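# Overview (structure and organization)
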Amino acid sequence: MLPPMSSLVWIELDGKAPEHNLKELSRCAKKNVKLCAVVKSNAYGHGVAQMAELLPSTHWFGVNSLEEGLELREIGVKKPVLLLGHVPLKRLDEAVKADLRLTIFNRESILALLKLGKGSKPVNIHLKIETGTARQGILIEDIEDFVGGIKKSESLILEGVSTHFANIEDTLNHEYAENQLLRFHEAIDTLKKLGVDPPIKHTACTAASILFPETHFSMLRAGIGLYGLWPSRETYLSAVSCGKMIPDLKPVLTWKTKIVQIKILSEGSFIGYGCTYKTTRKTNLAILPVGYADGYDRSFGNRAYVLINGRRAPVIGRVCMNHCMIDVTDVQGAGLEDEVVLLGQSGSETVSAEDLAEWAGTINYEIVSRISPYLDRRVV
Ligand SMILES: Cc1ncc(COP(=O)(O)O)c(C=O)c1O
């Protein structure tokens, strides 16, 4: 694990929320549908070791890279781990040794696995089908060729077949996703004609898990919902308007820091790099030891607010690499080393990942997954 970059900025994780969210998402599906917790990118910024421990009921874990899969094994995770991304051909043996499941979308990966030889441990592979996302995935017309390659080795077990939707979160019109699902069924039929029927079929991210039971098959592959965040406003609206069960998702993460200086500036003082802010009154300025190197986006300058004792304090001037400045003139009693909430709740006020996303012109996924992995993550 990385050493904390600063003890003055940290993440608190609600110890109960991940399991609660998992159960809520599972309620959207039939009992026999398994759940693969997607904990890639340091568990969307929440801390992979912490989240792995806070999700004891997950059946599987999903990660992007070999390194992430090996990390899960190193911290003692024994459950099935599915690698969703490409494994360097020269390092496939490491994945096999660690009993990591592989998502396959390149012929070269199959050839390299065949080369590992007869004595190699059996390896469970999942064929990823290109159904319209135009990311990883094999074309339906290439399935026969891939299956031919897989059948050449007894150590390759075609355990799964999967795809990923391109346009569920961003729209209220789900025609594109429905067409992707049709193509996935076409792929399954093609596989069946070739004499194979992988037992684990999986397509559903969080939005699909909530909105489309027909995408569930044998396993959900959920990420954002486990962290207590909705994939998008459109997903929520679609769920409400279609009368779907609305999972009660509880945000897991609170991001905090402490005030490291307070000073009084006179009216007309410029704040920070570029002098982008000029005070219009006598101002109590507080300095926070958090900046864009921690994942607190530069675009929050002159846009975001933080919370101190349940009161809002605007971020003024530009966010620096390791610092930012806030106006605490209206936050009575704010003092040195007082706790500040950058993301989360304080009293009756909240700064949500969606608020920060709106200020930064992005999505909640990016806000949380870009929080520096160097920060300490504490379960509370
Ligand atoms: C292949 C794959 N499956 C599942 C997920 C989980 O998606 P979500 O976080 O929307 O549940 C992701 C996330 O990006 C993904 O890339």
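Notes on the structure in this doc start here. The model shown is predicted, which means the values in this text are computed figures rather than measured ones. (Residues numbered from 1 in each chain as written. Predicted model: local features only at pLDDT ≥ 70, side-chain atom pairs only at ≥ 80, totals over all residues.)

Secondary structure assignment for the chain yields twelve helices and 20 strands. Referenced to the eigenvectors of the C-alpha coordinate spread, the extents of the chain come out at roughly 80 × 45 × 35 Å. Across the 380 residues in the chain, those meeting the buried criterion constitute 44%. A separation of at least 24 residues holds for 65% of the contacts in the chain among residues at least 6 apart in sequence. (Helix = DSSP H or I, 4+ residues; strand = E, 2+ residues; numbered from the N terminus. Buried ≥ 20, exposed ≤ 12 C-beta atoms within 10 Å, placed from the backbone. Contact = placed C-beta atoms within 7 Å.)

With that settled, consider the sheet that holds strand 6 (residues 123-128). Spatially, eight strands are ordered 2-3-4-5-6-7-8-9 in a closed barrel, and the strand pairing comes out parallel. The mean inter-strand angle of the sheet, taken between neighbouring strand axes irrespective of direction, is 30 degrees. Bridge count for strand 8 (residues 200-204) against strand 9 (residues 219-222) is two bridges, and the pairing is parallel. Residue A204 lies in a different strand from strand 9, and its bridge partner there is L220. (Pairing = 2+ DSSP bridges. Axes fitted to C-alpha atoms, helices over the stretch in contact; angles between N-to-C directions.)

Once that is clear, we can look at the site of the ligand. By nearness alone, every residue bordering the ligand is listed as V38, L84, H164, C205, T206, A207, R221, A222, G223, I224, G225 and P231. Broken down by secondary-structure element, the contributors of at least two residues to the shell around the ligand are helix 9 (206-211) and strand 9. Taken together, the residues of the shell around the ligand sort by class into seven nonpolar, four polar and one charged. (Near = placed C-beta within 6 Å. Nonpolar A, V, L, I, M, F, W, Y, C, P; charged D, E, K, R; others polar.)

It is worth spelling out the pairing of strand 1 (residues 9-13) at this point. If a strand is regular, its side chains alternate between the two faces of the sheet. Side-chain alternation along strand 1 places V9, I11 and L13 on a buried face and W10 and E12 on a face that remains uncovered. Sheet analysis places strand 1 next to strand 10 (residues 253-258), joined by five bridges and oriented antiparallel. Bridged to V9 within strand 10 is T257. Pairing between strand 1 and strand 20 (residues 376-379): four bridges, direction parallel. Among the inter-strand pairings, E12 is bridged to a residue of strand 20, identified as R378.

The subject of this paragraph is the nonpolar core. Ranked by size, the top nonpolar core spans 108 residues in total, and within it A37, V39, L83, V306, I326 and L342 carry the most contacts. Take this core: its biggest share by element is five residues, from helix 8 (residues 175-193). Counting only domains with at least three residues in this core, you end up with domain 1 (15-241) and domain 2 (253-351). In this view, V39 contacts V48, M51, A52, F61, G62 and V63; residues no more than four positions away in its chain are not counted. (Core = buried A, V, L, I, M, F, W, Y, C linked by C-beta atoms within 7 Å. Domains from an automatic or database assignment.)

The next point concerns the pairing of strand 18 (residues 339-346). With four bridges connecting them, strand 10 and strand 18 associate as antiparallel partners. Paired with K256 across the two strands is V341, which belongs to strand 18. Of the strand pairs in this sheet, strand 18 and strand 19 (residues 349-351) are connected by three bridges, and their pairing is antiparallel. Across the sheet, G344 pairs through a bridge with V351, a residue of strand 19. Where strand 18 hands over to strand 19, the hairpin turn is made up of two residues, of which G347 adopts a positive phi near 60 degrees.

With that settled, the discussion passes to unusual backbone geometry. Even without a glycine there, the phi angle at N42 is positive, about 55 degrees. With respect to the secondary-structure elements, N42 resides in helix 2 (residues 40-44). Backbone geometry at Y44 places phi at a positive 50 degrees, although glycine is not the residue there. Judged by the 27 C-beta atoms lying within 10 Å of it, Y44 is buried.

We now examine the environment of L25. Within the fold, L25 resides in helix 1 (residues 17-26). The sequence separation of L25 and L249 amounts to 224 residues, and the corresponding C-alpha distance is 8.5 Å. With residues up to four places along the chain from it excluded, the contact list for L25 reads L35, T206, S209, L220, A222, G225, L226 and P247.

We now examine helix 4 (residues 66-74). Because each turn of an α-helix spans 3.6 residues, side chains separated by three or four positions end up pointing in the same direction. If you check which residues of helix 4 are buried, you get L66, E68, G69 and L72. Down the axis, helix 4 shows its buried residues gathered within 165 degrees of arc, on one side only. Exposed residues lying more than 90 degrees from the buried face of helix 4 are E67 and E74. Summarising the contacts, the buried residues of helix 4 are in contact with helix 2, helix 3 (48-54), strand 3 (60-63), strand 4 (81-83) and helix 5 (92-97). G76, located one to two residues past helix 4, shows a positive phi value of around 95 degrees. (Arc of directions from axis to C-beta.)

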